Each structure stands twice: as structure tokens, then as C-alpha cells.
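If you want the building blocks of each chain, they are given just below.
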Amino acid sequence: MQVVPTELQTLLELIERYPQLHARTLAEVEFKSHRYPVISAEVGAKGCDVPCILFVGGVHGVEVIGIQVIMALLESILSRLEWDSQLQQLLTKIKLAFVPIVNPVGLLNGTRCNGQRVDLMRNAPIEAETKVTFLVGGQKLSSHLPWYRGHQGVEQETQALIQYVEQLKTNSSSLISLDAHSGFGMTDHIWFPFAGSSKPVSSVGLIYYLEQLYQSSYPYHNHYSFSPQSLIYRTHGDIWDYLATPKDDKPFLPLTLEMGSWNWVKKNPRQMFNFAGFFNPQKQHRQLRALRKHTVLMHFLMDLAASRELENMNLELLLKQNNAALNRWYQC
Ligand SMILES: [Zn+2]
């Protein structure tokens, strides 16, 4: 009998229960004679001239807390849409897209990699421009070591996410994505491309502006450290590096939420005896805290998109933000 991970089961139930949730199967991944879907779900405004916010989770199957954070947002939105006229109004102006479980087989197996032992966040068809961090940066030595980039080209799950994001970019007036991960550091990070180059991404001024607006709007909720990923460590094959092309004519802000899981391990060292313990809070009160900790940021992203502040930014302000971003993150 096929075992369906709890979070995937919940997603399927939400799709069944809420007809306004427009779901698609982006890929079906086969593992041990069973098929596991990679599902996208959209709610909100239709048409190509609306901003879109994409919430992604589960690129690394073991990082269940990221899936749960994204699913909690989706459940809250669907529940509130039944009565909350302000949210209904907001969703006439923006589109929300969700891919909560990019790597369903990794989730099933409790692994970072997919069923082929490939790390999907090292598997996009892009090489780092500079030397990467040994092993962590992605390796083709062996599928039995972590951070394996694969030998068969782009994996099905990677391809599904890439294609979907490219469609969203085409069919929206702007796109902000938030890809939830856990497993690095003591604090929560917001990373953005590039992971494989020390050059600035074309939207760096917009990302800097987003951070400034968040800081001034919610000074007591900004527990995030914003930076290009290359300042932390460098990798090959990053999906968001691949998607952040220099020719983007519309605003595209690919953000990665990296939850600081070492803090959970520090507070509860016994988590080290369990692989999932490195990536997920094991105590219920910490899990609940993680589930509510990012709500303000996620709603801020929706409000910011609806305002079209990023799309309508005048050239003078954009140049100012670009310069400020270069001074902050790219001084060597
Ligand atoms: Zn991850």
C-alpha cells in the first residue's frame, strides 16, 4: 500500500475542500512503483497584469518545518477567505501561488535529496562562476555523499519548479518568491541570488528597498538577516540563480527563507541523535513558534505586491536603492 506523507495528504484534502484553489500536478515522481505528485495551487486574481507571490517549500524533504510554514499560510488564507472581506479584496489585486512540497519523495524518506539521491538545490543547469564551498557547494563524486548534483541532467522536480516559475514570470506583472528552508545558523536568514557568483542580481535594488520597507513597517518583526547567498557559502546548481536571469524585464525577487535551526539544536541537544532534528524543531512549543514567526513577513510580501510599489518605482529611486545595495553587500 502506498504511504502518503501527512503534509501531502493535507494538501490533497485542501484542494478537495476549497474549489477556489486552482491546483495542477506539475510532475509525478515515481518511487518504488508508486507515484508522488508535485503540486502547485493558486488562489486570487486571474489575468497577466497582476503581481504574484509564490510560496515554495520542501525542496529538501527533511526540512519539514518549511513545508509546514507554507501550508499553515495556505490553510489560514483559505479559511479566512470565507469571511474576511479585506482579504477577499486583497486577492482581487494579487495572485498567490504555492508549491509546498517540491520533493515529495524526500519528504516521504526524511531525506534532503530526492529519490535519486540528488540535492535539487544543486541540480539546476547552472555552474558557479567562482570556487564553491567544498562538498556543500555541490558535488558529482558520489550519490552516497550529500549535496550530490546528479549525473542525469535536471531532475523532474527541479524541472517542474523551473518551468512553473517561468510561467508565473510570464503571466504576472511582477513576481516575489519565498522558498522556505531550514538547517543553517542560529538566526533566520533571507537569502537571494546569487549562490554561485559574487555579482549582484539585477533586482538587488528592489530587494534592498523591500528590506527597508519591512524594517520601517515592522521593526519588531525583522529578525531576519538579508544577504546574497554567496556571502554565506557558494554553490553550483541553485534553482533561483538559474531563474534570476539578467534579462528580467519585470520585477522578480527570488527570496529564500533559511530558518536558523541550530538554535533549536542548541536548546535541545538531544535533537542531534535524530537526522530530522538538525532541521526541525522537535519540541511542540518551538514548532508552534516557528509556524507563527513568519506570518508577518509573508503578509507584508502580499501587501507590498498589491501596492505595486516595486513595479512603479521611478528610475531615480531605483538607482538610489541599487547604490545602497551595492554599498551594503558588494564592497570587497
Ligand atoms: Zn534546504
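Residues numbered from 1 in each chain as written. Predicted model: local features only at pLDDT ≥ 70, side-chain atom pairs only at ≥ 80, totals over all residues. Heavy atoms only, no water.

Turning our eyes to something else, we now look at the side chain of serine 172. Along the chain, the position of serine 172 falls in the loop between α5 (156-170) and β5 (174-182). With relative accessibility at 1%, the residue serine 172 sits in the buried group. With near-sequence residues (within four places) excluded, serine 172 lies in contact with Cys48, Val50, Cys52, Lys95 and Lys250. (Helix = DSSP H or I, 4+ residues; strand = E, 2+ residues; numbered from the N terminus. Buried < 20%, exposed > 50% of the residue type's maximum accessible area, 1.4 Å probe, protein only. Contact = heavy atoms within 4.5 Å.)

Turning next to helix α10 (residues 295-307). The terminal C-alpha atoms of α10, which comprises 13 residues, lie 18 Å apart, in line with the 18 Å expected from a rise of 1.5 Å per residue. Where α10 is concerned, the buried positions are Leu297, Met298, His299, Phe300, Leu301, Met302, Leu304, Ala305 and Ala306. Backbone geometry just downstream of α10 places arginine 308 in the positive-phi region, at approximately 60°. (Expected span 1.5 Å × (residues − 1).)

Moving on: the pattern of salt bridges. Going through the model one piece at a time under the given rule, you end up with 11 salt bridges. Among the ionic pairs, glutamate 129 bridges to lysine 199, the shortest N-O distance being 3.2 Å. Taken together, the residues span a long stretch of sequence, with glutamate 129 in the loop between α4 (104-109) and α5 and lysine 199 in the loop between β6 (188-192) and α6 (204-217) at a distance of 70 residues. Look at lysine 199 and you get partly exposed, because its relative accessible area is 48%. Between arginine 308 and glutamate 311 there is a salt bridge; the shortest N-O distance is 3.2 Å. (Salt bridge = Lys/Arg side-chain N within 4 Å of Asp/Glu carboxyl O.)

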